[in-house]
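A structural walkthrough
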Amino acid sequence: MGLMRPALLSVAERKAAQGHIHKIKFDTPFQPRLDALMQTHEWYDWAGYRAPHSLWSEELEYFAIRSQSALFDISPMVKYRIEGPDAEAFCNRLTLRDVTKLKPGRVHYTAWCDDSGHVLDDGTLFRLTETRFRLCCQERHLPWLLDGAFGFNVTICEETEEVSGLALQGPTTCALLKAAGFDGIETLKPFDIRDFAHQDGTVTVSRTGFTGDLGYELFIDTRRALSLWDRLWDAGGPYGLRAIGYAALNTARIEAGLIVANADFITAETALRADRARLPDEIGLDWMVDLKKGPFNGRRAIEAARRDGKARFVLVGLEIEGNVPADQAIVYHRKKREVGLVTAAIWSPTAKRNIALATLERPYGDSILNDLWVEIYALRELQYTRLMKRAKVVPKPFVKLARRTQTPPGDF
Amino acid sequence: MTTWDAIVIGAGHNGLVNACYLQRAGLNVLVVEKNDWIGGAAVSRELTPNYLYSNCSYVCSLFRPEIMRDLELPRFGLQVVPYEGGAVFTQDGDYLAAYHDHHAHRRDFARFSKKDAESYDRYARDVTRQCRFIQPLLLRTAPDPASFRPRDLGELIYLGRKFGELSAEELALTIRFWTMSISDFLDEYFETDVIKAYLAISGIIGTALGPMSPGTAYVLLHHYMGEVDGSVGAWGFARGGMGAITKALADSFRASGGTIRTEAEVDRVLIRNGRATGVVLADGEELKAKRVVSNADVKRTFLNFVAEDELPDSFVKSVRNFKMRGSSGKVNIALDSMPEFPALPKNSPCLQGDLHFTDTIERMERAYDDWKDGRWSADPMLDIVIPTTLDPTMVPPGKHFMSCFSQYCPPKVEGREWTDADRDAFAETVISQIADYSPGFRDRIVHMEVRTPREIENEVGLTEGNIFQGELTFDQLLFNRPVPGYAQYRSPVHGLYLCGSSTHPGGGVMGAPGRNAAKEILRDLSRPVKDMSPAHDVI
Ligand SMILES: Cc1cc2nc3c(=O)[nH]c(=O)nc-3n(C[C@H](O)[C@H](O)[C@H](O)COP(=O)(O)OP(=O)(O)OC[C@H]3O[C@@H](n4cnc5c(N)ncnc54)[C@H](O)[C@@H]3O)c2cc1C
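Residues numbered from 1 in each chain as written. Chains lettered and ligands numbered in written order. Predicted model: local features only at pLDDT ≥ 70, side-chain atom pairs only at ≥ 80, totals over all residues. Heavy atoms only, no water.

Under an unreviewed UniProt entry, chain B has the name Pyridine nucleotide-disulfide oxidoreductase domain-containing protein 2 and belongs to Roseibium sediminicola. Word for word, the UniProt comment on chain B under Subunit (unreviewed entry) is "Interacts with COX5B; this interaction may contribute to localize PYROXD2 to the inner face of the inner mitochondrial membrane." Under the Function (unreviewed entry) heading, UniProt states for chain B: "Probable oxidoreductase that may play a role as regulator of mitochondrial function." (UniProt positions renumbered as here; feature names shortened; annotations may be inferred.)

1. So, the interface of chain B and chain A
Contacts between chain B and chain A engage 33 residues on the former and 37 residues on the latter. Between chain B and chain A, the buried area comes to about 3100 Å², and carbon and sulfur atoms account for 50% of it. Run the count over chain B and chain A and you get nine salt bridges. We note a salt bridge from K114 of chain B to E162 of chain A, for which the minimum N-O separation is 3.9 Å. There are 21 residue pairs in polar contact (both at pLDDT 80 or more) connecting chain B and chain A. (Contact = heavy atoms within 4.5 Å. Buried area = accessible area lost by both parts, 1.4 Å probe. Salt bridge = Lys/Arg side-chain N within 4 Å of Asp/Glu carboxyl O. Polar contact = N/O pair within 3.5 Å; in protein donor to acceptor, adjacent residues only side chain to side chain.)

2. Points about the sheet that holds strand β3 (residues 29-32) of chain B
Whether parallel or antiparallel, the strands of a sheet pair through hydrogen bonds between backbone atoms. All names here are of chain B. Strand order in this open sheet of five strands is β12-β3-β2-β16-β22, and the pairing throughout is parallel. The open sheet has two edge strands with one neighbour each: β12 (259-261) and β22 (496-498). Ignoring which end each strand starts from, the neighbouring axes of this sheet average 20° apart. In this sheet, strand β16 (residues 292-294) lies alongside strand β2 (residues 6-9) in parallel orientation, the contact comprising three bridges. In the sheet register, V8 faces β16, and the bridge partner there is V293. Contacts from helix α11 (residues 298-305) reach β2, β16 and β22 within the one sheet, and its direction differs from that of β22 by about 155°. (Pairing = 2+ DSSP bridges. Helix = DSSP H or I, 4+ residues; strand = E, 2+ residues; numbered from the N terminus. Axes fitted to C-alpha atoms, helices over the stretch in contact; angles between N-to-C directions.)

3. Some words on the domain arrangement of chain A
Residue and element names in this part refer to chain A. You can read the domains of chain A as domain 1 (11-77 + 161-255) and domain 2 (313-399). Averaged C-alpha coordinates put domain 1 and domain 2 at centres separated by 32 Å. Listed per partner, the contact involves seven residues of domain 1 and 12 residues of domain 2. Between domain 1 and domain 2 lies a buried interface of about 740 Å² when both sides are counted; carbon and sulfur atoms form 66% of it. Connecting domain 1 to domain 2 are zero salt bridges. Linking domain 1 to domain 2 there are five residue pairs in polar contact (both at pLDDT 80 or more). At the level of secondary structure, the elements contributing two or more residues to the side of domain 1 that touches domain 2 comprise α3 (58-67) and α8 (246-255). (Domains from an automatic or database assignment.)

4. Some words on the packing of aromatic side chains
Enumeration according to the criterion identifies 38 aromatic pairs over all chains in this entry. With a centroid separation of 6.2 Å and an interplanar angle of 85°, the aromatic rings of F26 of chain A and Y49 of chain A are classed as edge-to-face. Taken together, the residues F26 of chain A in the loop between α1 (11-16) and α2 (31-37) and Y49 of chain A in strand β2 (residues 49-54) connect sequence positions 23 residues apart. Each of the two residues, F26 of chain A as well as Y49 of chain A, counts as buried. Aromatic rings pair up to connect F109, Y120, Y123, F177, F185, Y189 and F190 of chain B into one cluster. For R242 of chain A, the ring lying beneath its charged end belongs to W56 of chain A, and the centroid distance is 4.0 Å. Directly above the aromatic system of Y158 of chain B lies the positively charged group of R140 of chain B, at a separation of 3.5 Å from the ring centroid. (Phe/Tyr/Trp six-rings, centres within 6.5 Å; stacked < 30°, edge-to-face > 60°. Buried < 20%, exposed > 50% of the residue type's maximum accessible area, 1.4 Å probe, protein only. Lys NZ or Arg CZ within 6 Å of the ring centre and 35° of its normal.)

5. Section: the side chain of E255 of chain A
Residue and element names in this part refer to chain A. Mapped onto the elements, E255 comes out in helix α8. Using a relative accessible area of 0% as the deciding quantity, one classes E255 as buried. Sequence-distant contacts of E255, defined by excluding residues within four places in its chain, comprise Y62, R66, I346, S348, P349, T350, A351, I355, P397, F398 and V399.

6. Overview of the pattern of salt bridges
When the charged atoms of two side chains lie near each other, side chains of opposite charge can form a pair. A full pass over the atoms with the stated rule returns 85 salt bridges over all chains. Close ionic contact of R14 of chain A with D94 of chain B constitutes a salt bridge, the shortest N to O distance being 2.8 Å. Residue R14 of chain A is found in helix α1, and its partner D94 of chain B is found in the loop between β7 (86-89) and β8 (95-98); the two belong to separate chains. Taking the relative accessible area as the measure of exposure, D94 of chain B reaches 0% and is therefore buried. Residues joined in a network through salt bridges with shared partners are R14 of chain A together with D92, D94, D108 and R111 of chain B.

The structure is reproduced here in structure tokens:
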């Protein structure tokens, strides 16, 4: 058996870490660069980090994603290293998809459930080597992972602070990386991972992202992180590189139809109200559930729910009349019966449509698709205008870009 | 001679809450209090010039916001200020901090164990789920399970439905919460001693049980189900000390026409033909009333104020059996400057919160062992706050008041009465523990008030010095509090009611017993309940 629990820290190490309270909102290693670029002073709290909501213009930052290159600091994302002879078996038991099909040097988007089949989180599982994985996600799961590791020869470490990350997204990103010396980057296919030299170490690059566009995510040892930013920045000028905040990214991810834990669904371990937890089938992740593989957490409950028709909700994409975003709007059937809630909504600058992600109570959104409406309260100069707008269930993503998957990618 | 519509015995916060509601409903109410001050265990007194103490209770969370609103307490000066966090000093020179900010809190736990740091969220969720279940029960009279009256059946159905809303796992957890020891419960979430020790404190405060005794997990819940301005589980300081609560209540009561008499100790309740008709004071004065409400604890009320032959034997027996064991002491200290704790970073927000020195559950359990042997703990578990770090009204600028609650302290010392020498020796265990972590501490002391169960009983009238007027173990809650069949604020004597912490939902500065009792009294009078807003929804 490998070491399952991280060793407790020594007194000296503990004391050295006491000072965290002097800075309640942590900095990522890229903070000096973000601070220098920050003009709007719109920060928000991302899991205890001071992260930019926007840096100079929410709207223009979005267009950097869709027309040039956008750089977004993803360091606050929670990361776990799972390593050891049984790492594959452990991950396969933990998550919904078949990890034996995930080859070293590949990453997949997945989710994991508790024993009741309720989703604990979604995230990306990187297979860095035969026996080493990295799980990236929104929420924290160390106790769940360690408890589940019983009987597996694996070591599990939380490495959020040790590993920093940047998302580089947009049509010129491949060209930018080539110019920055990432030789051969153009051969990277979607969900491929490759190590590149950086300073005296390496940077791990994956062709992934949260925008539905061409793009990459770069993970690096925190000690070498700042110079990675500079390397990209120095090469980025001719490619229109801009740093962006979460607002722009959020617009892009809604267009891509991607969900966010604890925004579009409540994770099982944070739900104070037991009825808020969701099965994968209730949040649009049914395609992940691989019943051809062996046992995994929640399998029995998910199968039973399918057999008994117990999935009560369905997460759908909506296209809504007009141009007023329907944030948090109630969805109605025949303008009368409440059947669901919009969890994310925007006017899509790329699709030129009014789009939304919504959770509906089946059979609405499932077998009953007609006559759906959303009630929008548009606050304009201290007065609400109440709009009842027709909504149509449409397939996701709302925006599908050929360049996302094309290999080798074009230069723009 | 006036015949009062109601006489309330005791100006503790529950007596005052009860009196306020009755007076507002149109009754003519007299409150009689034995001391020359009001407030019972929610009191602020100036025992040395320029220093105001919170002599007994010292932090506020449980006090129901519905009551603050109904009785217009803000208009009478009440303001509760939430505080930041706290710390346990460890014997290796470090400390564990609890911070208001979620992530700062996690980071401090992560200094000890990353796993525990992340387990905390799961733990907090489970505790919060249980609190959400219990909170709505606070302002409801407990149903009598043996009765078939429609309202009892209705309440039973309500309870049943509440249970029905729980998922299978939650229901299992509920039962475990009501029966487990806090130590076993915390073992299921955490691996680090000091983290467990910090979280266990709420399970033993005021309780004659150790952290390893079954039942202490519920005591923890009792301390978590309060709120400050909607922030569930938060604790705060009443501006002006805990006496500010009872002062505001008294002012509200008088403003609505009520009368308070201090230095009026009740000797017994007058009973004619099985009906309470007034009280007799210690000096022999008789006061007549149509009904009598006792804010004193259940033992004092029925074993002292009422002749035994007025009560059924089984009732008297149950009252005698009601567990009300003193287990706490307190030292209030006036300081001429802010004490230093070199282990903490400069300007640590922990100084505004609760401070502790017991860094393992084992030490807590050993402290309890001393109590079982009839001694005060040689190495006590202290719950310290310095409210004057946030409250500018209690002492002059730069001076401080430190409240040191000590667990455990027995009602009798090895079976005999407390002596002054015992009391001083008890105080020394407290001071020396603080001085170990705060150099120069003794030199800052201007004045000290030391309260063992003897003082608490003699001054506040809490039998054995039990701070909750009866332990908060599950056998003494809901329809079993204080006596099965008499959990609805009434007693075997017609017109004699209880309204103190001995009744549902129990102790702490909460006001709920006083309010619930008022509702029952008005129900017996078939009077509409006035100025009593419905309990806030838990949504
Ligand atoms: C040391 C200590 C610390 C505490 N800390 C906290 C805390 O931090 N937070 C918290 O929420 N709770 C705390 N508590 C518990 C809380 O203070 C009590 O549970 C609560 O105040 C009890 O209120 P009550 O109105 O029910 O009864 P009491 O406050 O006991 O009121 C009873 C009143 O009746 C009077 N009385 C008794 N006998 C007679 C008589 N014969 N004639 C006339 N009057 C009589 C008494 O003088 C007293 O005023 C603490 C208690 C103590 C003792």
